[in-house]
Amino acid sequence: MNTVTSNKIREQFAAMAIYKDPLATNSLFAGRNLPSFVKDFLLKRYINPDGSVDRLKLTSFLDMVIPKESTEVKDRLDAGQEVMLLCRFMIYIDLVKGLRRFGIPDLGIKTNEGVIPEYVYTKHPGELVDGEKWGIIKLSVLPDDDGKKNHVEMVDYKPFKPYKSVDIDYLRNARQAFTTREWIDVILSSMEYEADGFESLTQKLEFVSRLLIFVEPRLNAVELAPKGTGKSFVFGNLSKYGWLVSGGKVTRAKLFYDKARQQNGIMKNHDFTAFDEIQTIIFQEPAEIQAALKSYLESGKTTIDNNEFSSECGLMLMGNIPLDSNKRPLNYRYFDSLPQSFRESALLDRFHCFIEGWHLPRINEGIIYKGWTLNVEYFSEILHSMRTQSVYGLVFDQIVGKDKDADTRDSKAVKKIAVGYMKLLFPHWTSAQAVDLDEFDTYCLQPAIRRRGIIKEQCHYIDPEFKTTMPNFWIKNQGAVENELF
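Remember, it's a predicted structure, so these values are computed and weren't measured experimentally.

(A) Quick peek at empty space enclosed by the protein. Tallied over the entire structure, the rule returns two cavities of 30 Å³ or more. The computed volume of the largest cavity comes to approximately 90 Å³. For the largest cavity, the full set of lining residues is Leu171, Trp183, Ile187, Leu374, Phe379, Ile382, Leu383, Met386, Lys423, Leu424 and Pro427. Contributing elements (two or more residues each) for the lining of the largest cavity: α8 (180-190), α15 (376-386) and α17 (408-425). Broken down by element, the residue count for the lining of the largest cavity peaks at four residues, all from α15. Residues that form the lining of the largest cavity fall into these classes: 10 nonpolar, no polar and one charged.

(B) Representation of the nonpolar core. Residues Leu42, Leu211, Phe214, Leu425 and Phe440 are the most contacted members of the largest nonpolar core, which totals 95 residues. Sort the elements by how many residues they give to this core and α17 lands first, with eight residues. Judged by nonpolar contacts, the second largest core, of 38 residues, contains Trp243, Met267, Phe275 and Leu338.

(C) The pairing of strand β3 (residues 99-104), seen in detail. Burial of β3 is extensive: five of the six residues sit out of reach of the surface. Where strand β2 (residues 83-94) meets β3, five bridges bridge the pair, whose relative direction is antiparallel. Each bridged residue has a counterpart across the sheet, and for Met90 the counterpart in β3 is Gly103. The hairpin formed by β2 and β3 contains four residues between the paired strands, and Gly98 there has a positive phi angle of roughly 70 degrees. With four bridges joining them, β3 and strand β4 (residues 109-116) adopt antiparallel strand pairing. Looking across to β4, one finds that Ile104 is bridged to Ile109.

(D) Region of interest: the sheet that holds β2. Pairing is mixed around the closed barrel formed by five strands, whose spatial order is β2-β3-β4-β6-β5. In this sheet, neighbouring strand axes are inclined to one another by 55 degrees on average, regardless of whether the strands run parallel or antiparallel. In terms of strand pairing, β4 meets strand β6 (residues 150-159) through two bridges, oriented parallel. The residue of β6 that forms the bridge with Gly114 is Val152.

(E) Representation of helix α9 (residues 201-208) within the structure. The buried fraction of α9 is high, at six of eight residues. Here α9 has its buried residues at Gln203, Lys204, Leu205, Glu206, Phe207 and Val208.

(F) Main features of the sheet that holds strand β11 (residues 272-283). Spatially, five strands are ordered β8-β11-β14-β7-β15 in an open sheet, and the strand pairing comes out parallel. Each edge of the sheet is formed by a strand with only one pairing partner; in this case those strands are β8 (242-250) and β15 (353-356). Averaged over all pairs of adjacent strands, the angle between their axes in this sheet comes to 20 degrees, without regard to strand direction. Examined bridge by bridge, strand β7 (residues 221-225) and strand β14 (residues 314-320) share five bridges and lie parallel to one another.

The rules we used
- Residues numbered from 1 in each chain as written.
- Predicted model: local features only at pLDDT ≥ 70, side-chain atom pairs only at ≥ 80, totals over all residues.
- Heavy atoms only, no water.
- 1 Å grid on protein atoms, 1.4 Å probe; cavity = no way out; pocket = protein on both sides within 12 Å on 5 of 7 lines; lining within 4 Å.
- Points joined across faces, edges and corners; volume = space filled by probe spheres on them.
- Helix = DSSP H or I, 4+ residues; strand = E, 2+ residues; numbered from the N terminus.
- Nonpolar A, V, L, I, M, F, W, Y, C, P; charged D, E, K, R; others polar.
- Core = buried A, V, L, I, M, F, W, Y, C linked by side-chain atoms within 4.5 Å.
- Buried < 20%, exposed > 50% of the residue type's maximum accessible area, 1.4 Å probe, protein only.
- Pairing = 2+ DSSP bridges.
- Axes fitted to C-alpha atoms, helices over the stretch in contact; angles between N-to-C directions.

Here's what the structure looks like:
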């Protein structure tokens, strides 16, 4: 990133900016597997006025709340000590026993071992609901009510939420200080990647497109890419509102609703769920999962054992694809790289967007960002908050025309993708008059049509009944837009 853009970040986002120096900070977090949004929170907490990090204080805090060995926590609890942790934990509501339970998978504490007492729960209304959480918690081993066994009790809790809210208008005003190309570089640096490490604007936009499911509710995408292009990092490190599934077994109960435990699955309380290395994931009862996914991907609802499940969670399928010497797919049938249970046209047609991951560079040391940028926790909160901003959809409807007989799925897909790009690249476009129509066409509408078109083409290769022709979409002339508004 050039100095001008870097200085603009410091000017426009003074309180939210952070200096990234991976070589200097990686050693601080060695042996501690923390996502970027936690690392940036800690760095901001212990940053000196000159921008340097107070390494001694940060290390002391890390030693206190993040164990280097997973067995250390259980040993200390067993010895009767209270333990304070900054960690990820899972909440499970035990309706049979009337308990709110928790588990810490990374430390081997199971959900049937942890209990959240009523006084901790009532101190944080709306926070300690079932699902994954991050926070600073204090644990102690206490006897059960009957005195026969012990349990791990959460005696105190502080939510991990450095930004209780973010000011979207502040972002919109700040965005106007940057050109479009500068802003794309800002986004890349916020993702912890060096813009100068990309060969072209095409590569940059393909990479930024991964964030579409962060900002647009129920946007479903497929990305096929060679190994080493940063898929896992983006979806596993940049937001606490997403869930990354990397290998292992996946059931309908885990995804949607567990009838036996009367507990919602991972797609209920997350902005997105990403299946990484989808070829390695084992889908149990694939026919049931496929049926539930078809219904959910179409409407955001599905029925599991007479229980209606609804969510705004988007779904990302990520897999590897073999390339030739020109870095193009060996097989023109891209979906052949997906597991057999996903190679059904009726299911895949419900996905909106295709990301051509073969355009992306392999991650190397030179592409890791060093310099001033937005801290990841602020950036992730902005992306999360953008999901509920409905103004961009209204602007799209005002400036885009389409064929009267356009396929509904195509129309929805193009709108979702284009609106997602508006939220990412042009958050200051809050009225039709504010839109640069040429830039909208270049960066939003045409990419949306193309990405949906790839889905249609690939469905056609599976089932020739699916047509490859996309409906016509066009930008209304300025006079028509003004007449519609007034």
